[in-house]
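So you can see what is in the structure, the chains are spelled out below.
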Amino acid sequence: DTGVSQDPRHKITKRGQNVTFRCDPISEHNRLYWYRQTLGQGPEFLTYFQNEAQLEKSRLLSDRFSAERPKGSFSTLEIQRTEQGDSAMYLCASSNLGEPQHFGDGTRLSIL
Amino acid sequence: SQKIEQNSEALNIQEGKTATLTCNYTNYSPAYLQWYRQDPGRGPVFLLLIRENEKEKRKERLKVTFDTTLKQSLFHITASQPADSATYLCALLMNTGFQKLVFGTGTRLLVSP
């Protein structure tokens, strides 16, 4: 068990560009979550997958954001036309029902 | 909506003392309350979970209490060590069917040798 893996660890991009992050959950977990964390704040929920189905999305997830989990394993989070306010740490977590969520070390996004 | 309050000021204590961190929440009671540790540049690491029908949970030097009347959880680290220095996050697991975690802002703990 290698834990939750996220790639890349850091991403620097210009405003207006598209970015995509990847999350590889713990293999036996069927639930996958994305959170966003800004400096001095706790993580905020973005979206949730059970297997390949996206079952919940936060109002924080504007139409520029899209997440997929095509085969119920890894997930991607894409941000289109990035804005300054998108700068944050994007965290992925996985779990099974009734178990604590285990987090990856996140992707830190910086918008120039 | 659920609001969670943790002391935003850093807690400074001497090595060997007990650190006590507070988590207060408003509105309805969560199904679970969890505590996570987060180091700079890293993701949160799960420490302890306590259910709404439990009063206290222990794990090694860690103890969590849960008072649903006061809407408060206390997190204790006994015999604290400099390696315990980190930010500690309180998170409520809402009974929404898909286990959404709502986090507090965290409290930074600094343990001096």
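Just so you know, these numbers come straight off a predicted model, no measurement behind them. (Residues numbered from 1 in each chain as written. Chains lettered and ligands numbered in written order. Predicted model: local features only at pLDDT ≥ 70, side-chain atom pairs only at ≥ 80, totals over all residues. Heavy atoms only, no water.)

Q: Quick one: what's the story with the overall build of chain A, residue by residue and with numbers?
A: Scanning chain A for helices and strands turns up zero helices and 11 strands. In sequence order, chain A lays out its α and β elements as β-β-β-β-β-β-β-β-β-β-β. Here the C-alpha radius of gyration of chain A, 13 Å, is about what a compact globule of 112 residues would show, namely 13 Å. Across its three principal axes, chain A shows a C-alpha extent of roughly 40 × 25 × 20 Å. Every one of the 112 residues in chain A was classed for burial, and the buried ones make up 47%. A fraction of 52% describes how many contacts in chain A between residues 6 or more apart in sequence connect residues 24 or more apart. Approximately 5700 Å² of chain A is accessible, and the part contributed by carbon and sulfur atoms is 43%. Of the side chains in chain A, 14 bear a positive and 14 a negative charge, and the two mean positions are spaced by 7 Å. (Helix = DSSP H or I, 4+ residues; strand = E, 2+ residues; numbered from the N terminus. Rg over C-alpha atoms; globule rule 2.2 N^0.38 Å. Buried < 20%, exposed > 50% of the residue type's maximum accessible area, 1.4 Å probe, protein only. Contact = heavy atoms within 4.5 Å. Areas by Shrake-Rupley, 256 points an atom, 1.4 Å probe, with all protein chains shown as cover. Lys, Arg positive; Asp, Glu negative; His and termini not counted. Charge placed at Lys NZ, Arg CZ, Asp CG, Glu CD.)

Q: Lay out the interface of chain A and chain B in plain terms, naming residues and giving numbers.
A: Counting residues at the interface gives 24 residues for chain A and 21 residues for chain B. Both faces considered, chain A and chain B share a buried interface measuring about 1600 Å² in area, 54% of it formed by carbon and sulfur atoms. The interface formed by chain A and chain B holds one salt bridge in total. For Arg42(B), the salt bridge goes to Asp105(A), with nearest N and O atoms at 2.9 Å. In this assembly, chain A and chain B are joined by six residue pairs in polar contact (both at pLDDT 80 or more). Among the elements of the structure, β4 (31-37), β5 (44-50) and β9 (88-95) of chain A are those that each provide at least two residues to the side of chain A that touches chain B. In terms of residue count, the dominant contributor to the side of chain A that touches chain B is β4(A) (four residues). Taken together, the residues that form the side of chain A that touches chain B break down as 10 nonpolar, nine polar and five charged. (Buried area = accessible area lost by both parts, 1.4 Å probe. Salt bridge = Lys/Arg side-chain N within 4 Å of Asp/Glu carboxyl O. Polar contact = N/O pair within 3.5 Å; in protein donor to acceptor, adjacent residues only side chain to side chain. Nonpolar A, V, L, I, M, F, W, Y, C, P; charged D, E, K, R; others polar.)

Q: Quick one: what's the story with the sheet that holds strand β3 (residues 19-24) of chain A, residue by residue and with numbers?
A: Residue and element names in this part refer to chain A. Read from one edge to the other, the open sheet built from four strands follows the order β1-β3-β8-β7, with strand pairing classed as antiparallel. Edge positions in the sheet fall to β1 (5-7) and β7 (65-68), since each of these pairs with one other strand and no more. Along the sheet, successive strands turn relative to each other by an average axial angle of 15°, direction set aside. Examined bridge by bridge, β3 and strand β8 (residues 75-79) share five bridges and lie antiparallel to one another. Among the inter-strand pairings, Val19 is bridged to a residue of β8, identified as Ile79. (Pairing = 2+ DSSP bridges. Axes fitted to C-alpha atoms, helices over the stretch in contact; angles between N-to-C directions.)

Q: Residues and numbers for the nonpolar core, please.
A: Membership of the largest hydrophobic core comes to 24 residues, with the highest contact counts inside it found for Leu33(B), Trp35(B), Phe75(B), Tyr88(B) and Leu92(B). Of all elements in the fold, only β3 (19-25), β4 (32-38), β5 (45-51), β7 (62-67), β8 (72-77), β9 (86-93) and β11 (107-112) of chain B reach the threshold of two or more residues within this core. In this view, Phe75(B) contacts Ala19(B), Thr20(B), Leu21(B), Trp35(B), Leu47(B), Leu62(B), Lys63(B), Val64(B) and Tyr88(B); residues no more than four positions away in its chain are not counted. In terms of nonpolar packing, the next biggest core, distinct from the first, is built from 19 residues, Val4(A), Leu77(A), Ala88(A) and Ile111(A) among them. (Core = buried A, V, L, I, M, F, W, Y, C linked by side-chain atoms within 4.5 Å.)

Q: For the state of the cysteines, give the residues involved together with the corresponding values.
A: All names here are of chain A. Per the counting criterion, the structure on display carries two disulfides over all chains. Across the disulfide from Cys23 sits Cys92; the S-S distance is 1.9 Å. Every disulfide takes its handedness from the sign of the S-S torsion; for Cys23 and Cys92 that torsion is -65°, giving left-handed. Of this pair, Cys23 sits in strand β3 while Cys92 sits in strand β9, and the two are 69 residues apart along the sequence. For the residue pair Cys23 and Cys92, the accessibility class agrees, reading buried in each case. (Disulfide = S-S within 2.5 Å.)

Q: How would you summarise the sheet that holds β7(B) if you had to cite specific residues and measurements?
A: All names here are of chain B. Strands sit in the order β1-β3-β8-β7-β6 across an open sheet of five strands; the sheet is antiparallel. Single-partner strands in this sheet number two, and they are β1 (4-6) and β6 (56-59). Averaged over all adjacent pairs, the angle separating strand axes in this sheet is 15°, with direction ignored. Bridge analysis of β7 against β8 gives six bridges, and the strand direction is antiparallel. In the strand pairing of β8, Asp67 is matched with Gln72.

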